Amino acid sequence: MRYLTAGESHGKQLTTIVEGIPAQLNLLKEDVNESLIRRQGGYGRGRRMKIEKDLVSILSGVRHGYTLGSPITLAVTNDDYKNWQDIMGEDPIEEDQHIRRQVTKPRPGHADLNGALKYNHRDMRNVLERSSARETAVRVAAGSIAKQILKELDINIVGYVKEIHGIKASDIPMSVEEKIKKSNESPVRVIDDSKEEEMKRVIDQAKQDGDSIGGVVEVTVEGVPAGLGSYVQYDRKLDSKIAGAVVSINAFKGAEFGIGFEAARTRGSETHDEIGYDEQRGYYRKTNNLGGFEGGMTTGMPIVVKGVMKPIPTLYKPLESVDINSKEPFQASIERSDSCAVPAAAVVMEHVVAWEVASSIIEQFPSDYMDQLKQSVNEYRERIRTF
C-alpha cells in the first residue's frame with residue numbers, strides 16, 4: 001500500500017491517490033467523510049474549520065460501493081478557494097500586476113525560511129501553502145480506507161488526548177469501543193471526564209492571551225496478531241514505521257510506545273512483559289509495558305503509541321522574525337491560528353497509525369481481494385494460537 005498527496009492550503013483541492021487496496025473492500029464516501037468531520041472538530045480550533053466543510057469525492061477505484069483493486073483517487077475541495085483564486089491561481093499574471101499577499105517575513109516554528117532557502121523562493125507563500133497542516137485532511141482520508149481494512153479483520157483503533165499543556169488525563173482501563181465512545185463525546189477528545197473542564201480552561205486562556213498550547217495524544221490498536229513487522233532489517237520494523245509516521249504529522253516532535261521514556265527510570269524486571277499461555281488465547285503477555293512491540297514486531301498485545309505535539313507556531317501575538325528582503329527585524333505575519341489543535345491531532349494520528357498497521361498486514365498476507373486477506377489472516381491467527 002502507498003499513497004501520495006497533492007494540493008495547497010488555499011488551492012482548489014487536496015488530492016490523494018491510494019494504491020494497493022484489496023479489491024472488494026466495502027467503501028462508501030460516508031466512511032471517509034466521517035473521519036474528515038472528526039478531524040475538523042475539537043475544542044480550540046480556529047475560524048478556518050467554519051469556512052471549510054471537508055467532504056470527499058471518490059474519483060476512481062470504487063464501483064457501487066466496493067473497491068476494484070485499482071488506484072483510488074480521493075479529492076477534498078477547498079470551499080475558500082473562491083476568495084484566493086487570484087492569489088493561488090495557476091495562470092501567469094500580467095507584467096504590470098503584483099502578486100497579492102506575498103510572505104517575506106518567515107514565521108518561527110514553520111517551514112517558511114528553510115523551504116525558501118532550499119527551493120529559492122522569494123515569496124514564502126510558495127512554502128507555507130504546501131507545508132500547512134491542511135494537508136492532513138487527505139492523509140486522514142487515506143487512513144480512513146486503512147481503517148476499513150482493519151475493521152474487516154476485527155482490529156479496532158482509537159485516538160484520544162492524554163495531556164494538554166500539563167493537564168494529564170489518568171490511565172483508565174477500558175476497551176477500545178469504550179474509548180471510541182468517550183473520546184467522541186468529549187470536545188477535547190479525552191476519556192478521563194475529570195480533566196475535561198480543566199483542559200478547556202487552559203485552551204480558553206491561551207486563546208485569550210493570543211497564544212497556543214500543545215499536548216500528548218495516544219492511539220490504541222486492539223486485535224493485532226503477533227508477528228507483524230520484522231526484525232531482519234531496520235526498515236522492516238513496524239514500530240519504527242509507526243514512529244516515523246507519527247513524527248511526520250505537522251507539529252509532532254516525538255513518539256513513544258507503552259511506558260516509553262519512563263523505561264529509562266525503571267529496572268528490567270519492572271519493564272519487560274512476562275509471557276503466559278492458555279489454550280484459548282495462545283501466548284499472551286501479562287503486562288503491556290512495551291506497547292505491543294518486541295524486536296520491531298507486534299506481540300499480540302494492544303499497540304499503544306503516544307505522540308507529542310508542540311504548540312502551533314502561528315500566534316496572534318507574533319514572534320520576532322527578519323524580513324528576507326530588507327533583512328530588518330519584524331514581527332512574523334499571521335496566517336490563521338488555532339489556540340490548540342491537540343484534539344484534532346488525535347484524529348490525524350489515529351489515521352496515520354491505521355495506515356501503517358494495515359500496510360504491514362497487506363505486505364505480509366495475500367491480499368488481492370478481501371476474502372483472500374481475511375482467510376489468510378484467520379489461518380495465521382489459528383496457527384500462532386496453537387504454536
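Quick caveat, the model's predicted, so the values are computed rather than measured. (Residues numbered from 1 in each chain as written. Predicted model: local features only at pLDDT ≥ 70, side-chain atom pairs only at ≥ 80, totals over all residues. Heavy atoms only, no water.)

Visitor: Provide a residue-level description of the overall build of the chain, including the pertinent values.
Guide: Check the secondary structure of the chain and you find 12 helices and 17 strands. Whereas a compact globule of 387 residues would reach a radius of gyration of roughly 21 Å, the chain reaches 22 Å, a difference of no more than 12%. Overall, the chain is about 75 × 50 × 40 Å in size when its C-alpha atoms are taken along their principal axes. Evaluated residue by residue, the chain yields a buried proportion of 49% over its 387 residues. (Helix = DSSP H or I, 4+ residues; strand = E, 2+ residues; numbered from the N terminus. Rg over C-alpha atoms; globule rule 2.2 N^0.38 Å. Buried < 20%, exposed > 50% of the residue type's maximum accessible area, 1.4 Å probe, protein only.)

Visitor: Tell me about the sheet that holds strand β8 (residues 167-168), and please be specific about residues and values.
Guide: Overall, antiparallel pairing links the five strands, which are arranged β8-β7-β9-β15-β10 in an open sheet. The open sheet has two free edges, formed respectively by β8 and β10 (252-257), since each of these has just one partner strand. Across two bridges, the pairing between strand β7 (residues 156-164) and β8 is antiparallel. In the strand pairing of β8, Glu163 is matched with Lys168. The sheet contacts of helix α8 (residues 196-208) involve β7 and β8, and relative to β7 the element is tilted by about 60°. (Pairing = 2+ DSSP bridges. Contact = heavy atoms within 4.5 Å. Axes fitted to C-alpha atoms, helices over the stretch in contact; angles between N-to-C directions.)

Visitor: Which residues make up the environment of Thr15, and what are the values?
Guide: Tracing the backbone shows Thr15 in strand β2 (residues 13-19). Spatially, the C-alpha atom of Thr15 lies 23 Å from that of His110, the residues being 95 residues apart in sequence. At 2.8 Å, the side chain of Thr15 forms a polar contact with the side chain of Gln13. (Polar contact = N/O pair within 3.5 Å; in protein donor to acceptor, adjacent residues only side chain to side chain.)

Visitor: Describe the nonpolar core, with residues and values.
Guide: Ile164, Ile242, Met349, Val353, Val357, Ile361 and Leu373 are the most contacted members of the largest nonpolar core, which has 71 residues in total. At 13 residues, the largest contribution of residues to this core is made by helix α11 (residues 342-364). Apart from residues lying up to four places away in sequence, Ile361 is in contact with Leu150, Leu153, Ile155, Leu228, Leu373 and Val377. (Core = buried A, V, L, I, M, F, W, Y, C linked by side-chain atoms within 4.5 Å.)

Visitor: Go over the sheet that holds strand β1 (residues 2-6), please, and point to the residues and values.
Guide: Here we have four strands laid out as an open sheet, ordered β1-β2-β6-β3, and antiparallel in their pairing. Looking along the sheet, the strands with just one partner apiece sit at the ends: β1 and β3 (56-60). Each strand axis lies, on average, 20° off the axis of its neighbour in the sheet, ignoring direction. Bridge count for β2 against strand β6 (residues 72-77) is six bridges, and the pairing is antiparallel. Across the sheet, residue Thr16 finds its bridge partner in β6, namely Leu74.

Visitor: Residue-level account of α11, with values.
Guide: Look at α11: 33 Å from first C-alpha to last across 23 residues, which is about the 33 Å you get at 1.5 Å a residue. Of all 23 residues in α11, 21 are buried; the element is thus mostly enclosed. (Expected span 1.5 Å × (residues − 1).)

Visitor: Residues and numbers for unusual backbone geometry, please.
Guide: The backbone of Asp154 shows a phi angle near 60°, a positive value even though the residue is not glycine. Positionally, Asp154 belongs in the loop between α6 (136-152) and β7. Asp154 sits in the exposed class, given a relative accessible area of 58%. Of note, Arg189 is a non-glycine position whose phi angle comes to about 60°, a positive value. Tracing the backbone shows Arg189 in the loop between α7 (176-185) and α8.

Visitor: So what's going on with the pattern of salt bridges? Which residues, and what values?
Guide: Evaluation of the coordinates by the stated rule reveals 21 salt bridges. Two residues, Arg39 and Asp54, come together in a salt bridge whose shortest N-O distance is 3.4 Å. Residue Arg39 is found in helix α1 (residues 29-40), and its partner Asp54 is found in the loop between α2 (48-51) and β3; the two are separated by 15 residues along the sequence. With a shortest N-O distance of 3.9 Å, Lys374 and Asp371 are connected by a salt bridge. Residue Lys374 and its partner Asp371 are located together in helix α12 (residues 370-385), separated by three residues, close to a single helical turn. For Lys374, a relative accessible area of 25% gives the class partly exposed. (Salt bridge = Lys/Arg side-chain N within 4 Å of Asp/Glu carboxyl O.)

Visitor: If you had to explain the packing of aromatic side chains to someone new, which residues and values would you point to?
Guide: Throughout the structure, instances matching the rule amount to four aromatic pairs. With centroids separated by 5.3 Å and ring planes inclined at 75°, the aromatic side chains of Phe257 and Phe293 adopt a geometry described as edge-to-face. With Phe257 in strand β10 and Phe293 in strand β13 (residues 293-294), the pair connects residues that are 36 residues apart, well separated along the chain. Given the relative accessible area of 4%, Phe293 is considered buried. For the ring pair Phe365 and Tyr380, a centre distance of 5.2 Å and an interplane angle of 70° mean the geometry is edge-to-face. Of this pair, Phe365 sits in the loop between α11 and α12 while Tyr380 sits in helix α12, and the two are 15 residues apart along the sequence. For Phe365, a relative accessible area of 8% translates into the label buried. Judged by relative accessible area, Tyr380 falls into the buried class, the value being 14%. Between Lys105 and the ring centre of Phe330, over which it is positioned, the NZ or CZ distance is 4.3 Å. Over the ring of Tyr284 we find Arg281, and its NZ or CZ is 3.9 Å from the ring centre. (Phe/Tyr/Trp six-rings, centres within 6.5 Å; stacked < 30°, edge-to-face > 60°. Lys NZ or Arg CZ within 6 Å of the ring centre and 35° of its normal.)

No statement about biological role is implied by the geometric values presented.
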